[in-house]
Amino acid sequence: MKDHRHQGRVAFLLNANAKNVTPRKRARLSELIPSKDLYFSSSLNEAESMINKIMHQGYSYIFSGGGDGTAVSTINLLSKFAKKMPDHQVPRIGLLRLGTGNALARMLGARTPEEDIKAILNGRNLKPLLVSMVETADGLLTPFAGIGYDGELMNDFESVKKVFSLSPFKKF
């Protein structure tokens, strides 16, 4: 297999809809990351198109910014392109904590997105960690398996937090 990667070249694919990708955060990240390496996607179709471009440009790494759902989508899109383009080297994936659920990023030792981006762009040695995946019946990869109860709790928590933020109890 031919290695088309440029040593150390890093792409950042960020979910524009992620909880922590506010206009202010987006501006800050745009200051830190070279524009040629920064991709904001607003939909799965956009992300797919951007990953296709990233694959053809020969990046060594792709950092996905969003939550666990964004990470899993990025992993599956990369897997899809790896199957379609076996002669291209698949970039290694890293995660930035920008979503609601950031279990994978935390497990991998992610700090604040700004700290991680600065370290990555300043040449921090990236230590690969193997993350086991579960393949679903329809061929998708995921690091999680469950019945959805944790997601239900997270949604309930966010709803309660929103109600309390509008009430006299917001100080508590």
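Residues numbered from 1 in each chain as written. Predicted model: local features only at pLDDT ≥ 70, side-chain atom pairs only at ≥ 80, totals over all residues. Heavy atoms only, no water.

## A few points about the packing of helix α1 (residues 23-32) against helix α5 (residues 113-121)
Phase 1: Between α1 and α5, whose axes approach to 10 Å, the crossing angle comes to 10°. When the axis of α1 is compared with that of α5, the two are roughly parallel. From α1, Lys25, Arg28, Leu29 and Leu32 reach across to α5, where they touch Pro113, Glu114, Ile117, Lys118 and Leu121.
Phase 2: A breakdown of the residues in the contact of α1 with α5 according to their chemical character gives five nonpolar, no polar and four charged. (Axes fitted to C-alpha atoms, helices over the stretch in contact; angles between N-to-C directions. Helix = DSSP H or I, 4+ residues; strand = E, 2+ residues; numbered from the N terminus. Parallel < 35°, antiparallel > 145°, perpendicular 65-115°, else oblique. Contact = heavy atoms within 4.5 Å. Nonpolar A, V, L, I, M, F, W, Y, C, P; charged D, E, K, R; others polar.)

## Examining the pairing of strand β2 (residues 38-41)
Phase 1: Residues Leu38 and Phe40 point to one face of β2 and Tyr39 and Ser41 to the other, with burial holding for every one of them.
Phase 2: Two strands pair when backbone bridges link them, and strand β1 (residues 10-15) and β2 are joined in this way by four bridges, in the parallel orientation. For Phe12, the partnering residue across the bridge sits in β2 and is Leu38.
Phase 3: Read as a crossover between parallel neighbours, the route from β1 over α1 to β2 is right-handed. (Buried < 20%, exposed > 50% of the residue type's maximum accessible area, 1.4 Å probe, protein only. Pairing = 2+ DSSP bridges. Right-handed = clockwise from strand over helix to strand, strands pointing away.)

## A look at a nonpolar patch on the surface
Phase 1: Taken together, the side chains of Met107, Leu108 and Leu129 present a nonpolar region at the surface, about 280 Å² in accessible area.
Phase 2: On the secondary structure map, Leu108 appears in the loop between α4 (103-107) and α5. (Patch = residues over 30% accessible without salt bridge, like charges linked within 9 Å, V, L, I, M, F, W, Y side chains within 5 Å. Areas by Shrake-Rupley, 256 points an atom, 1.4 Å probe, with all protein chains shown as cover. Salt bridge = Lys/Arg side-chain N within 4 Å of Asp/Glu carboxyl O.)

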